[in-house]
Amino acid sequence: MTEFPVRLDATPDVTAFFDPATHTISYVVADPATRICAVIDSVLDLDYAAGRITYAHADRMIAFIRAEGLRVDWIIETHVHADHLSAAPYIQACLGGRIGIGAEILTVQDTFGKVFNEGTEFQRDGSQFDRLFQDGETYEVGKIPAFALSTPGHTPACMTHVIGNAAFVGDTIFMPDGGSARADFPGGDAGQLYDSIWRVLSLPDEMRLFMCHDYGPEGREIQWETTVAEEKQRNIHVGQDQSREAFVALRTARDATLAAPRLLLPSLQVNMRAGEIPKDPSGRPMLKVPLRGI
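Here's a quick rundown of the structure. (Residues numbered from 1 in each chain as written. Predicted model: local features only at pLDDT ≥ 70, side-chain atom pairs only at ≥ 80, totals over all residues. Heavy atoms only, no water.)

## A closer look at the sheet that holds strand 10 (residues 144–150)
- One open sheet holds the six strands; their spatial order is 9-10-11-12-13-14, and the pairing between them is mixed. Bordering the open sheet on either side are strand 9 (138–141) and strand 14 (225–227), each of which pairs with just one other strand. The mean angle between the axes of side-by-side strands here comes to 30°, regardless of whether they run parallel or antiparallel.
- In this structure, strand 9 lies alongside strand 10, joined through four bridges in antiparallel fashion. Residue glutamate 140 lies in a different strand from strand 10, and its bridge partner there is proline 145. (Pairing = 2+ DSSP bridges. Helix = DSSP H or I, 4+ residues; strand = E, 2+ residues; numbered from the N terminus. Axes fitted to C-alpha atoms, helices over the stretch in contact; angles between N-to-C directions.)

## Digging into the packing of helix 1 (residues 56–67) against helix 2 (residues 88–95)
- Between helix 1 and helix 2, the shortest axis-to-axis distance is 10 Å and the interhelical angle comes to 30°. Between helix 1 and helix 2, the crossing angle belongs to the class labelled roughly parallel. For the pair helix 1 and helix 2, the crossing hand works out as right-handed. Within the contact between the two elements, helix 1 uses Ala58, Asp59, Ile62, Ile65 and Arg66 and helix 2 uses Tyr90, Ile91, Cys94 and Leu95.
- Residue composition of the contact of helix 1 with helix 2, grouped by class: seven nonpolar, no polar and two charged. (Parallel < 35°, antiparallel > 145°, perpendicular 65-115°, else oblique. Left-handed = near helix turned anticlockwise from the far one by under 90°. Contact = heavy atoms within 4.5 Å. Nonpolar A, V, L, I, M, F, W, Y, C, P; charged D, E, K, R; others polar.)

## What to know about the state of the cysteines
- Summed over the entire model, instances satisfying the criterion amount to zero disulfides.
- Unpaired in this structure, cysteine 37 has its nearest cysteine sulfur neighbour in cysteine 94, at a distance of 13 Å.
- Relative accessible area serves as the criterion here: at 0%, cysteine 37 is assigned to the buried category.
- By relative accessible area, which is 31% here, cysteine 94 ends up partly exposed. (Disulfide = S-S within 2.5 Å. Buried < 20%, exposed > 50% of the residue type's maximum accessible area, 1.4 Å probe, protein only.)

## Considering the packing of aromatic side chains
- Under the criterion given, the structure shown has 10 aromatic pairs.
- Between the aromatic rings of tryptophan 74 and phenylalanine 133, the centroid separation amounts to 5.5 Å while the plane-to-plane angle is 50°, which identifies the pairing as tilted. Remark: phenylalanine 133 occurs in strand 8 (residues 131–133) and tryptophan 74 occurs in strand 6 (residues 71–76); sequence separation between them is 59 residues.
- The buried category is assigned to tryptophan 74, whose relative accessible area is 2%.
- In this structure phenylalanine 133 comes out as buried when scored by relative accessible area, which is 1%.
- Taking the centre distance of 6.0 Å and the plane angle of 65° together, the rings of phenylalanine 174 and tyrosine 215 count as edge-to-face. Of the two residues, phenylalanine 174 sits in the loop between strand 12 (166–168) and helix 4 (190–200) while tyrosine 215 sits in the loop between strand 13 (208–210) and strand 14, which places them 41 residues apart along the sequence.
- Judged by its relative accessible area of 11%, phenylalanine 174 falls in the buried class.
- Taken together, the aromatic side chains of Tyr27, Phe168 and Phe210 make up a single cluster linked through ring pairs.
- Residue placement shows arginine 98 over the ring face of tryptophan 74; its charged tip is 3.9 Å from the ring centre. (Phe/Tyr/Trp six-rings, centres within 6.5 Å; stacked < 30°, edge-to-face > 60°. Lys NZ or Arg CZ within 6 Å of the ring centre and 35° of its normal.)

The following block contains the structure:
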């Protein structure tokens, strides 16, 4: 990874917020020197059956940020999530900050704009976001150097964000006993996911890795932090130099058994809009259910 500014001597403060309803881990990543922070993969609470939005998870993060005297500079999505709604606009309205996602969001918007029959009023140029990160693009969280690493396979727009000695991997890889994320959504590709995982695992062994999801395999307690070295040694899908061919066969077979995420349809519609809920012609918030669309 010599082409990227890896800084193992820069250690951000990382605070995790676990959402049990979606098994998502959101993060506040702060520079202890400047008290500037980034929010990564926030969650908006949705009672799907009742069509009710609430903000308990986001409010926990906001209360923490305020209590710690932090200033939000970035609100980052590692990808267009298919299992929870983003709270990015809500957090931005409360605390400021710029909403960012990978530049391949345009591919995701084009794909799902057609699935949901969004019409020409839905912009497919990523303009709903404040920043579209390119592969290798650098930025800062306070004074801590950071960069975005394109890691597609789960979705085309997946990115790993490396902030000092901490990498936020989204759904590219799970804890060692969890393996990897599915690759069967439109635009997903198991071979590409394998390549992306090993792109992450080419970071220095001591790099801290932070997961977006954990499901507690075999009933263990929820975890979200590991290292590159531990993943290379112990990951059940790619560890011990598992071949690309074997991984693709394993991932493809496993994906064929998986049901669609419970919040797939609302999540995609909201998250491809940077967390904004779509509205019908009268201006009322409204979600669609395309039949046989995905």
